[in-house]
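Residue strings, one per chain:
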Amino acid sequence: MPDAIRATTATTPPELTGEDLETWAALATVLEWLPPALDGQLQRDAQLTHFEYGILYALAKAPEHTLRMSVLAGYANSTLSRLSRAAVRMESRGWLRRTPDPADGRYTLAILTEPGHEKVRQATPGHVQVVHRLVLDRLTKPQARQLREISHRIMRAIRDEDGWAPRSRPESSD
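For clarity, every value in this text was computed on a predicted model and none was experimentally measured.

Quick notes on the rules
Residues numbered from 1 in each chain as written. Predicted model: local features only at pLDDT ≥ 70, side-chain atom pairs only at ≥ 80, totals over all residues. Heavy atoms only, no water. Axes fitted to C-alpha atoms, helices over the stretch in contact; angles between N-to-C directions. Helix = DSSP H or I, 4+ residues; strand = E, 2+ residues; numbered from the N terminus. Left-handed = near helix turned anticlockwise from the far one by under 90°. Contact = heavy atoms within 4.5 Å. Nonpolar A, V, L, I, M, F, W, Y, C, P; charged D, E, K, R; others polar. Patch = residues over 30% accessible without salt bridge, like charges linked within 9 Å, V, L, I, M, F, W, Y side chains within 5 Å. Areas by Shrake-Rupley, 256 points an atom, 1.4 Å probe, with all protein chains shown as cover. Salt bridge = Lys/Arg side-chain N within 4 Å of Asp/Glu carboxyl O. Buried < 20%, exposed > 50% of the residue type's maximum accessible area, 1.4 Å probe, protein only. Core = buried A, V, L, I, M, F, W, Y, C linked by side-chain atoms within 4.5 Å. Phe/Tyr/Trp six-rings, centres within 6.5 Å; stacked < 30°, edge-to-face > 60°. Lys NZ or Arg CZ within 6 Å of the ring centre and 35° of its normal.

Engineer: What is the right way to read the packing of helix 3 (residues 50-61) against helix 6 (residues 114-134) from this model?
Structural biologist: The relative placement of two packed helices comes down to the angle between their axes together with the axis-to-axis distance. Remark: helix 3 packs on helix 6, axes separated minimally by 10 Å, with the N-to-C direction vectors making an angle of 120 degrees. Crossing of helix 3 over helix 6 shows left-handed handedness. Contact with helix 3, carried on its side by His50, Tyr53, Leu56, Tyr57 and Ala60, involves His117, Lys119, Val120, Ala123, Thr124 and His127 of helix 6 and no other residues of that element. Each residue belonging to the contact of helix 3 with helix 6 can be placed in one class, and the counts come to 6 nonpolar, 4 polar and 1 charged.

Engineer: Looking at this model, I keep getting lost on a nonpolar patch on the surface. Mind explaining?
Structural biologist: A cluster of nonpolar side chains, contributed by Leu16, Leu21, Trp24, Leu27, Val30, Leu31, Ile150, Ile154 and Ile158, occupies part of the molecular surface with about 840 Å² of accessible area. When residues of the nonpolar patch are traced back to their parent elements, those giving at least two are helix 2 (18-46) and helix 7 (141-158). Relative to the helices and strands, Ile158 resides in helix 7. Given the relative accessible area of 65%, Ile158 is considered exposed.

Engineer: I'm lost on the nonpolar core in this one. Help?
Structural biologist: Side chains of a nonpolar character, in soluble globular proteins, are inclined to be buried together. One finds Leu48, Ile55, Leu56, Leu59, Leu72, Leu83 and Met90 to be the most contacted residues of the largest nonpolar core, which totals 25 residues. Breaking this core down by element, the ones donating at least two residues are helix 2, helix 3, helix 4 (69-75), helix 5 (80-92), strand 3 (108-112) and helix 6. Considering every element that reaches this core, the biggest residue donor is helix 3, with 7 residues. Not counting residues up to four positions away in its chain, the partners in contact with Ile55 are Leu72, Leu83, Ala86, Met90 and Leu96.

Engineer: I keep staring at the packing of aromatic side chains and nothing clicks. Help me out?
Structural biologist: Any aromatic ring pair is given by two values, namely how distant the centres are and how the planes are angled relative to each other. Summed over all chains, the structure comprises 1 aromatic pair. Sitting over the face of the ring of Tyr107, Arg68 holds its NZ or CZ atom 3.8 Å from the ring centroid. Positioned over the ring face of Phe51 is Arg82, at 3.7 Å from the centre of the ring.

Engineer: What am I meant to see in the side chain of His127 here?
Structural biologist: If you trace the backbone, His127 turns up in helix 6. Here His127 falls in the buried class, since its relative accessible area comes to 9%. Sequence-distant contacts of His127, defined by excluding residues within four places in its chain, comprise Leu38, Gln41, Leu42, His50 and Tyr53.

Listed below in C-alpha cells is the structure:
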C-alpha cells in the first residue's frame, strides 16, 4: 500500500456506510423518538413520566410490592441519586414510601402504597394502548419475536446483568 493511502487510512476514522448506516440511523431515530412519545401520553393521561411509571410498575409486580432501591435503580437503568429524586416526588404524592430494610439497615426499601397501585392501574391501559399503537401492532408475531431477541442481544452487549423482565411469560398462542 502506498504511503499516502496508508497515512490517510491510519488517520481517517472509520465511518458507517450503506446498510450499516441505514440500520443504525433507523435504530438511533427510534431511540430518540420513542421516549418522548411514551412520556407525552403518560404525562397527558396520568401525570407521570415514563420513568416514574416504570418504577411504579416494577413495584406493582414485585413480591409484596417492595424492592430495594438499589435493585429498582438497576431495573430503571438509573443512578441511586436520580431514583431518589423521583422517589421523593412520588412519596410526596403518596404513591410510594421508603423505609430502611429490616434485614440490612444499609439498604432502603421502596414500597408501593395503595394510591401508587391505583395510579399504576389507572395509567396502564393508556400506556398499553400507545405501546401497541407505536410498536407491537406495527409488527407481525415473527417480527416481534425477532425484535425481542435482537433487543436481548444488544442488552447483553451493553451489560452482563439482566434488566427488568417479567417474572413469568404467558404461553404463546401460536
